[in-house]
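Spelled out, the chains give:
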Amino acid sequence: MSFTKKIDEWMKEVEDRPESAVTIVRLVVRRLRELSERNEELLAENIALQHGTRVEEYQKGVFQMS
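Residues numbered from 1 in each chain as written. Predicted model: local features only at pLDDT ≥ 70, side-chain atom pairs only at ≥ 80, totals over all residues. Heavy atoms only, no water.

A word on the overall build of the chain
Definition in use: A run of H or I in DSSP becomes a helix once it reaches four residues, and a run of E becomes a strand once it reaches two; helices and strands are each numbered from the N terminus. Exposure categories follow from relative accessible area, calculated using a 1.4 Å probe and restricted to protein chains: below 20% of the type maximum is buried, above 50% is exposed, and the middle band is partly exposed. Areas reported here follow the Shrake-Rupley algorithm with a probe of radius 1.4 Å; residue values treat only the protein chains shown as occluding.
Within the chain, the secondary structure is distributed over three helices and zero strands. Secondary structure elements of the chain, listed N to C terminal, follow the sequence α-α-α. Counting only residues that meet the buried cut, the chain has 6% of its 66 residues in that class. Taken as a whole, the chain presents about 5900 Å² of accessible surface, with 56% of it coming from carbon and sulfur.

See below:
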């Protein structure tokens with residue numbers, strides 16, 4: 001299920017049962033943290049690739065597959 005659909009599902013849950021709002025917020029915060037961590041990993045990977053520190057490793061992997 002996509003994150004957008006999950007958000008819609010959570011919003012409906014909060015509308016139907018406002019007492020579940022705290023739980024829903026916790027779920028959203030957890031997911032946002034996971035996405036933020038993954039984004040930081042991808043950013044670091046991108047920076048490494050741009051600076052050429054990972055290019056040699058990538059090329060070795062590609063050429064070994066051939």
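Some points on the pattern of salt bridges
Condition: Salt bridges are counted wherever a side-chain nitrogen of Lys or Arg sits within 4 Å of a carboxyl oxygen of Asp or Glu.
Taken as a whole, this structure holds five salt bridges when the rule is applied. Here Lys 12 makes a salt bridge to Asp 16, at a shortest N to O gap of 2.9 Å. Taken together, the residues Lys 12 and Asp 16, both in helix 1 (residues 3-16) and four residues apart, mark about one turn of the helix.

Topic: the packing of helix 1 against helix 2 (residues 21-50)
For the record, the criterion: Axis definition: a line fitted to C-alpha atoms, over the contacting stretch in the case of helices. Angles run 0 to 180 degrees between N-to-C directions. Under this scheme an angle from 65 to 115 degrees is roughly perpendicular, one under 35 degrees roughly parallel, and one over 145 degrees roughly antiparallel; angles in between are oblique. Definitions for this section: a left-handed crossing has its near helix turned counterclockwise from the far helix by less than a right angle. A right-handed crossing has that turn clockwise. The contact criterion used throughout is that any non-hydrogen atoms of two residues lie within 4.5 Å. Three classes are used, and their members are as follows: Ala, Val, Leu, Ile, Met, Phe, Trp, Tyr, Cys and Pro are nonpolar, Asp, Glu, Lys and Arg are charged, and the others, Gly among them, are polar.
Where helix 1 contacts helix 2, the axes come no closer than 9 Å and their chain directions differ by 165 degrees. Between helix 1 and helix 2, the crossing angle belongs to the class labelled roughly antiparallel. The chirality of how helix 1 crosses helix 2 is left-handed. Touching Phe 3, Trp 10, Glu 13 and Val 14 of helix 1 are Ala 21, Ile 24, Leu 27, Val 28, Arg 31, Leu 32 and Leu 35, all from helix 2. Here the contact of helix 1 with helix 2 is built from residues that sort into nine nonpolar, no polar and two charged.

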